[in-house]
Amino acid sequence: MGALFVREVRLGLRSGAGILIGVLFFLAVIAVVPFGVGPDLKLLARIGAAMLWIGALLATLLGLDRLFQADRDDGSLDLLIMASERHLLTLTVLVKCLAHWTVSVLPLVVASPLLGLFMNMEPAAIGATTATLLVGTPAITLIGAVGAAVAVSLPRGGLLVSVIVLPLTVPVLIFGVSASYGAVEDPAPFLAPFLILAAITLFFAVLGPLAAAAALKSSAD
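All figures in this text were calculated on a predicted structure; none of them were measured in a lab.

1. Here's the deal with the overall build of the protein chain
Part 1 of the reasoning: Within the protein chain, the secondary structure is distributed over 10 helices and zero strands.
Part 2 of the reasoning: Starting at the N terminus and ending at the C terminus, the protein chain contains elements arranged as α-α-α-α-α-α-α-α-α-α.
Part 3 of the reasoning: In the protein chain, the share of contacts with a sequence separation of at least 24, taken over all contacts with a separation of at least 6, comes to 80%.
Part 4 of the reasoning: For the protein chain, the exposed area adds up to about 10700 Å²; of that, 73% sits on carbon and sulfur atoms.

2. Side note on the packing of helix H3 (residues 41-62) against helix H9 (residues 170-182)
Part 1 of the reasoning: Where H3 contacts H9, the axes come no closer than 9 Å and their chain directions differ by 150°. Comparing their axes, H9 and H3 come out roughly antiparallel. In this structure, H3 meets H9 at a crossing whose hand is right-handed. Contact residues: H3 offers Arg46, Ile47, Ala49, Ala50, Trp53, Ile54 and Leu57, while H9 offers Val172, Leu173, Gly176, Val177, Ser180 and Tyr181.

3. What about the nonpolar core?
Part 1 of the reasoning: Judged by nonpolar contacts, the single largest core of 47 residues is most densely connected at Phe26, Phe68, Met119 and Val172.
Part 2 of the reasoning: Sorting the residues of this core by element identifies helix H2 (16-37), H3, helix H6 (86-118), helix H7 (123-151), helix H8 (158-168), H9 and helix H10 (191-220) as the ones contributing at least two each.
Part 3 of the reasoning: Among residues more than four places away in sequence, those in contact with Met119 are Ile30, Val33, Leu44, Ala45, Ile47, Gly48 and Met51.

4. Considering the environment of Gly116
Part 1 of the reasoning: Mapped onto the elements, Gly116 comes out in helix H6.
Part 2 of the reasoning: Taking the relative accessible area as the measure of exposure, Gly116 reaches 0% and is therefore buried.
Part 3 of the reasoning: A sequence separation of 72 residues divides Gly116 from Leu44, and the C-alpha atoms of the two residues are 9.7 Å apart.
Part 4 of the reasoning: Setting aside anything within four residues of it in sequence, one finds Gly116 in contact with Leu52, Met121 and Ile126.

5. Description of the UniProt feature "transmembrane region" (unreviewed entry) in the protein chain
Part 1 of the reasoning: UniProt's entry tags residues 12-37, 43-68, 88-111, 131-152, 159-184 and 190-216 with the feature "transmembrane region" (unreviewed entry), counted in the numbering of this structure.
Part 2 of the reasoning: The distance separating the terminal C-alpha atoms of residues 43-68 is 40 Å; by composition the span is 77% helix and 0% strand.
Part 3 of the reasoning: Helix makes up 88% of residues 159-184 and strand 0%, and the two end C-alpha atoms of the span are 36 Å apart.

6. Some words on the environment of Ala148
Part 1 of the reasoning: Secondary-structure assignment places Ala148 in helix H7.
Part 2 of the reasoning: In this structure, the C-alpha to C-alpha distance between Ala148 and Phe68, residues 80 residues apart in sequence, is 6.8 Å.
Part 3 of the reasoning: What Ala148 contacts, discounting residues up to four positions off in sequence, is Leu64, Leu67, Phe68 and Val161.

7. So, the side chain of Thr169
Part 1 of the reasoning: Along the chain, the position of Thr169 falls in the loop between H8 and H9.
Part 2 of the reasoning: A relative accessible area of 1% means that Thr169 is categorised as buried.
Part 3 of the reasoning: Apart from the residues lying within four places of it in its own chain, the contact partners of Thr169 are Leu57, Ile140 and Ile143.

8. Some thoughts on the side chain of Ser112
Part 1 of the reasoning: Inspection of the secondary structure puts Ser112 in helix H6.
Part 2 of the reasoning: When its relative accessible area of 1% is taken as the criterion, Ser112 is described as buried.
Part 3 of the reasoning: Aside from chain neighbours lying at most four places away, what touches Ser112 is Phe26, Leu52, Thr130 and Leu133.

9. Here we look at the packing of aromatic side chains
Part 1 of the reasoning: Under the criterion given, the structure shown has two aromatic pairs.
Part 2 of the reasoning: Consider the rings of Phe190 and Phe194, whose centres lie 5.2 Å apart with planes at 25°: the pair is stacked.
Part 3 of the reasoning: Ring centres of Phe203 and Phe204 lie 5.2 Å apart, and the angle between their planes is 75°; on these two criteria the pair is classed as edge-to-face.
Part 4 of the reasoning: Accessibility expressed as a relative area gives 17% for Phe204, which makes it buried.

Reading the values: the criteria
- The numbering scheme is per chain: residues are counted from 1 as the chain's sequence reads.
- A pLDDT threshold of at least 70 governs which residues receive local features in this predicted model, and a stricter bar of 80 or more applies before side-chain atom pairs are shown or counted, although totals over entire chains, interfaces and linings include all residues.
- Heavy atoms throughout the structure, all of them, feed into the side-chain values; hydrogens and water do not.
- To qualify as a helix, a DSSP run of H or I must reach at least 4 residues; to qualify as a strand, a run of E must reach at least 2; elements of each kind are numbered from the N terminus.
- By definition, residues are in contact when any of their heavy atoms lie within 4.5 Å.
- Each accessible area is a Shrake-Rupley estimate made with a 1.4 Å probe; only the visible protein chains count as cover when residues are assessed.
- Each axis is a line fitted through C-alpha atoms, taken for helices only over the stretch in contact, and angles between the N-to-C directions span 0 to 180 degrees.
- Geometric relationships in this document are graded by angle, where less than 35 degrees denotes roughly parallel, more than 145 denotes roughly antiparallel, 65 to 115 denotes roughly perpendicular, and other angles denote oblique.
- Left-handed is the label given to a crossing in which the near helix is rotated counterclockwise from the far helix by less than a right angle, and right-handed is the label when the rotation is clockwise.
- Put simply, a nonpolar core is a bunch of buried Ala, Val, Leu, Ile, Met, Phe, Trp, Tyr and Cys residues held in one set by side-chain atoms that sit within 4.5 Å of each other.
- Exposed residues in this analysis have more than 50% of their type's maximum accessible area, buried residues have under 20%, and partly exposed residues fall in between, with area computed by a 1.4 Å probe over protein chains only.
- UniProt positions are given in the numbering used here, feature names are shortened, and annotations may be inferred rather than shown by experiment.
- Stacked, tilted and edge-to-face are the three classes applied to pairs of Phe, Tyr and Trp rings, where Trp contributes its six-membered ring and a pair requires centres within 6.5 Å; stacked means planes under 30 degrees apart, edge-to-face means over 60, and tilted covers the rest.

Shown next, in the form of structure tokens:
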């Protein structure tokens, strides 16, 4: 599994265009907000955490359709499905999700403090939002694995992935933003929504790969 993780990371880094597109899209979403809401710095600071979360969510959705597509195109996915037992396929999906998050989503988390400065956010708010993105975005990738597995055998399945995944990510968005606001606004709590966010990620770390493996098995039948 370690060798598979390294292989997936290397393949992801070779196709660096996907990483760059995600970061640029994230930057574009944050950059256009001041043009829409005006130059009110207090308003920008108040909505900054929500906009960072929305931007990261949309940027993450951009690359989810590529999660299994390359393996499908070269035939390795079919070999993997036929050669693996259900539990091994589930572990393989989990490793691929972790590698995809490391290559495509982690750069968004790293860029979020800089974009938080664009939104005139306080240092505490930037730190809290970055922490929630670090904990919450893996859940988006794990949920997205299910949509990517369902749509992998369909032509132009990228839009279908977004349609399937976006409603399921709403709880992640709610608790991520709530925890970010709780770090700077009294009496809103930080720890409770943050722990719920972590629990959601752990829940989908189990359920996501299982459901994605089942969908991949079904697509091969």
